[in-house]
Each structure stands twice: as C-alpha cells, then as structure tokens.
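Structural overview
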Amino acid sequence: MMDKNDKKQKQKRNLIISAIALAVIIVIAAVVAIYMAENTDKEDEKTLPYTDLIKEMSYGNIEKVEMTVGSTTVKVKVKNVEEEKTSIVPNTESFMNLVQQKVTEGNEIELIQKPRSVISQIPGIIISFLPTAIMLALFVMIFKMQGMGEKGKVYDDTERKTKVKFDDVAGLDEEKSELIEIVEFLKKPEKFAKMGAKIPKGVLLYGKPGTGKTLIAKAIAGEADVPFISMSGSEFIEMFAGLGASRVRKLFEKARKISPCIVFIDEIDAIGSRRSSNSGAETENNQTLNQLLVEMDGFSSEETIIVLAATNRPEMLDKALLRPGRFDRQITIPTPDLKGRLEILKIHTKEKRIAEDVNLESIAEDTAGFTGAELANILNEAAIIATKREHEDIENDDIEEAVKKVTVGLEKRQRVISEKDKKLTAYHEAGHAVVSRYLPTQTDVKEVSIIPRGVAGGYTMYKSDEDKYYISKTEMQEKLIALLGGRAAEKLVLDDISTGASNDIEVATQIARDMVTKYGMSDTLRTY
Ligand code: ADP
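Described below are features of the structure shown in this document.

**Description of the packing of helix H16 (residues 419-437) against helix H17 (residues 473-494)**
- Across the interface, H16 lies against H17 with an axial gap of 7 Å and an inter-helix angle of 130 degrees. Relative to H17, the element H16 is oriented oblique. Between H16 and H17 lies a crossing whose hand is right-handed. Facing Lys423, Leu424, Tyr427, His428, Gly431, His432, Val435 and Ser436 of H16, the residues of H17 in contact are Ile481, Ala482, Leu483, Gly485, Gly486, Arg487, Ala489, Glu490, Val493 and Leu494.
- Its residues assigned to classes, the contact of H16 with H17 comprises 9 nonpolar, 6 polar and 3 charged.

**Things to note about the sheet that holds strand E6 (residues 228-232)**
- Reading across the sheet, the 5 strands line up as E6-E7-E8-E5-E9 and stay open at both edges, with parallel pairing between neighbours. Pairing within the sheet leaves two strands with one partner each, and these edge strands are E6 and strand E9 (329-332). Going from strand to strand, the sheet's axes swing by 20 degrees on average, the running direction of each strand aside.
- Here strand E7 (residues 261-266) runs beside strand E8 (residues 305-311); their pairing, made up of 5 bridges, is parallel. When the bridges of E8 are listed, phenylalanine 264 appears paired with leucine 308.
- Relative to the sheet, helix H7 (residues 213-224) contacts strand E5 (202-206), E6, E7 and E8, its axis offset from that of E7 by approximately 170 degrees.
- This element, helix H9 (residues 244-258), spans E6, E7 and E8 of the sheet and lies at about 170 degrees to E6.

**Digging into the nonpolar core**
- Counting residues in each nonpolar core, the largest one holds 27 residues, and the members touching the most others are Leu179, Ile182, Leu186, Ile216, Ile220 and Ile262.
- Looking at this core, the elements that each hand over two or more residues are helix H5 (173-187), E5, H7, E7 and E8.
- The leading source of residues in this core is H7, at 6 residues.
- In this structure isoleucine 262 touches Leu186, Ile220, Ala221, Val226, Pro227, Phe228, Ile229, Ile306 and Leu308, once residues within four positions along its chain are discounted.
- Ranked by size, the runner-up nonpolar core spans 26 residues in total, among them Val248, Cys261, Leu292 and Phe299.

**Overview of the pattern of salt bridges**
- Under the criterion given, the structure shown has 19 salt bridges.
- Notably, a salt bridge pairs aspartate 173 with lysine 339, separated by 3.4 Å at the nearest N-O pair. Of this pair, aspartate 173 sits in helix H5 while lysine 339 sits in helix H12 (residues 338-349), and the two are 166 residues apart along the sequence.
- Where arginine 313 meets aspartate 269, a salt bridge forms, and the shortest distance between an N and an O atom there is 3.0 Å. Of the two residues, arginine 313 is situated in the loop between E8 and E9 and aspartate 269 in helix H10 (residues 269-272); the sequence distance between them amounts to 44 residues.
- Accessibility expressed as a relative area gives 37% for arginine 313, which makes it partly exposed.
- If you follow the salt bridges from partner to partner, you end up with Lys64, Glu66 and Glu84 in one network.

Here is what the cut-offs are and how they apply
Residues numbered from 1 in each chain as written. Predicted model: local features only at pLDDT ≥ 70, side-chain atom pairs only at ≥ 80, totals over all residues. Heavy atoms only, no water. Axes fitted to C-alpha atoms, helices over the stretch in contact; angles between N-to-C directions. Helix = DSSP H or I, 4+ residues; strand = E, 2+ residues; numbered from the N terminus. Parallel < 35°, antiparallel > 145°, perpendicular 65-115°, else oblique. Left-handed = near helix turned anticlockwise from the far one by under 90°. Contact = heavy atoms within 4.5 Å. Nonpolar A, V, L, I, M, F, W, Y, C, P; charged D, E, K, R; others polar. Pairing = 2+ DSSP bridges. Core = buried A, V, L, I, M, F, W, Y, C linked by side-chain atoms within 4.5 Å. Buried < 20%, exposed > 50% of the residue type's maximum accessible area, 1.4 Å probe, protein only. Salt bridge = Lys/Arg side-chain N within 4 Å of Asp/Glu carboxyl O.

Quick look at the structure:
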C-alpha cells in the first residue's frame, strides 16, 4: 500500500516539476523572441558606428537626433544623407552633453526624446520578475509536496480495510492471544465502557525487523474489521523540517474521522527516542513526539483508536511514551522458534507449487535465527530458482540453494580463481571443519565449499543449532577456536597467513568483546 502511495506522490511531484520547467522555458523563450525581434529590426536599418557619429557631429553634419528614454540606441539624420541611421552610444548622458554643447555652439540639431515603448519594456519587466516568479514557483512546489506527504500517505491507506487475519500470522500464539483483547475493544467498545473500563490507547510491539510486527497489527485490524492507517516514524521527519508535528496531527485527524480504527506507527524510535539535547534535529523530534503524546492523551471516550507502534530498539524510547494511558502495553515479538518457522514456511508455501520431496521440517531446522520475513524471502528465492532451472515444482534442492543464497550469497562459478588461491581457501575451510570436529559444543559441519559465494571465497556451513536462550562461556570460547581454525590451518600448512580470515577475525573480535563487556566472562576478577 505504501508503495502505491509513494508512486502517486512521485508522479504528482514530477508533474509539478514538469509544469514549472515548462513555464520557465516559455518565459525564457518569450524574452529571447522579443529580443530577437528587436535585434532584427536593428539589423534591417543602416547603422552608423559611434566614432563616425562623433565625427559627423564635430563637422556639424548632424541635423536630427531621436532617442528613446532608457535606450542606448539613437536615430540620427546626417546632412545630405536621405536615410536616417541608427547608432549605439556607449553612454547616453555624455552623448546628450555633446549634443547640447553642439547646440550652444550654434549647430541646428533637432532633438527628439521619445518615451519608452511598452513592447520594448516587456523583456525588462520579465527579466526583473523572473527571479521572483521562480521563487514563487518553488514555494508553491514545496507547499504542494508537503500537502501530498500528509495526504498521500495517510488518506489513501485508510480507504481500504485489510484482509489479513490472525490465521495469516504463523506461530506467535501467545502474542495473538494477548492481542485478541484489542480486537474485542475495537469490536465492542461499549461493552467495556459500561463496566467503567478504559480502553487501552497504545500497544508497543518490540522485535527484530521482519518478525511480523506489521503483519500482526494488520491482522488485528482485519479481525476487528476496522481500517488500518499506517505510517513510519521516519516518514514523520523526512523531507522538510518542522513537518513532523503537523503530520502527526493530520494522521490523528483522519483517525478520529474513521474511528474505530488502528493507527500503526512503524519505527517509532525515529521520533520517540529519548529526549536529551536541544539541537535542531532533536527539537524536531521532540515536537513530533510531543504532538503524538498530545494526540494520544486527547482521545475522547467515544473515539476508539488504538495506536500500535513497532520498534526494535526499546531501550531507545522516551519514558514518556510508556506512561499509563499511552503505550502502556508492551508485547515482544520474538524471532520464531522451530515450530514457528515450520508454520511460517507452511503459510508461505500454500500459494506455491511445492514438490513432494520437500521437507519443510528440515528446512525449519536449518534456519534457526531466521525471521518470518527472511523465511518468506527464501521461499520466494526458491520459486525463482526453480523457474530458472525449469523445474515443474519447487524442489528441496531449490530451497537449499535459496537458503545458501540468502545466508552466504550467490554462487560465483564464473569467477576465475588461481590455483594458489584455491589451495589457500581449501586449507582455510578445512581448518574450520577439522577444528570444529574436535570441539564438543560446536555443531557438526554440514558442507564445506571452495566455490566462491557472494564476497566469500569459500565457506563452511554448520548444521543449525537448536533454538537456545543461553550460550555458555565454554561454547563461546570454542566458537572462537572454530573461527580461528581457518587462520591456524593457513599458518600450519602454508607457513603464511592471508587476508582470507578477516571476516572470521571480525566475528571473533565481537564475540570476545561481548564476553568481556556484556557477559562478565573475563577470567580474572580485579580486586580493589
Ligand atoms: P516487521 O514489521 O516486524 O518488520 P513485517 O510484519 O513487515 O515485519 O513482516 C514482513 C513479512 O514477513 C510479512 O509480510 C510476512 O510475509 C512475513 N512474516 C513475518 N512474520 C510472519 C509470521 N509470523 N507469519 C507469516 N508471515 C510472516
């Protein structure tokens, strides 16, 4: 839905820009045309160079001077020459002085001064107004774009009700059972009001990107059969400064009109991060956040608007958001466990042609830590791969290839690799594999390859871990050993080391840092 709005907005913006460009071109063309017309006139007539004009003047040969106010072009009649001539004078004032001097000296010069013609003034007028016109056009454009930013995103979204239901959200059973209450509030607000219960205003959904926060918010709207308005926190503050608060106001204005409804604010941390300093961007955020709080505090009892907001950085949020009467309900949307992944895979294979040999259980096992969005993406990649391979249905191989493509990157069979590099990669990867084999906490190696994928020259894939909540110190230490196994093998066999271990070292450094700074796993405790 957002994509459509973006497109519409872009189209409108392009239209305005083209209209302005066209107007500017027309104005410039008109100016040029008028100038050209003037110039052609001049060329048609006989011209008299200025030096000749001065000479004729000193000989007393000039009988008539005709000039237009503000113009440097003068028409002169030279004695014994029938046709009048045109001359351009560099400085009209000094020329006039010269004429006056000649007249006082006794020369008979007829002097005609004409007011400026309207036509000849047009280019000047246009030129002087051009900057103002362009500025005006720019202002109009900016205001239009602001308006569209508000309308396009907010209004279009509300026209349609979402068809997503809880059944479309796989796993997350506990979360759904908690959120079903919200559906009840939206469906029968009067039931709760009778009991004197206040309907909650805001629910915060915490979770990594792609865990289905938007999906579940839509499902609530779908189940309650109410409109779903959505906007992302970053959209409030993008484009033009000072707009955030007014966008929030417009969003809620619309929500009030169509209540009962769900307002979904994605990436709320973009506006709701802790208020600290008074710098420009901060102030902008503060205003936006304040407006949001004002709106939420101001819901009347007849308005059933429930604001759902999503973030993956709960620690960043301003405490004011979490006060009772605002986002006082918080629900964590976790990355799916084995059962959840299997259910997500099942939902996303429903509309696809899946071969009978496909074992979704084993794919779910291999994808520990993957989010719903990543799983949906893998199945989509698998469908593309199956089409490219001209398979009748999506086969297990296609899905496995898609998993590798998403995790390690695309296979680069065409890349030319020297024998030396191949040997180095082979020892490096074998180093990981052999070392892991002797580490009790590490999972078994699933596949070792020296065919490059993505940016990696080769890779060692491990069997997926079961979902766990805690990792022990021994496990982390052994992970460090496994990661450094590649570098150790290079040193041992080739008696040299290479840049191939850079990624391993990066990951190892992060683990080691976390062990010390986050988990207190240092060996020695300093006593003071
Ligand atoms: P978030 O808002 O948490 O970043 P989304 O709700 O936008 O994530 O999820 C993106 C996509 O991932 C969804 O449109 C859906 O296709 C898929 N997805 C994520 N979680 C689930 C789930 N639990 N069940 C089914 N599909 C899911």
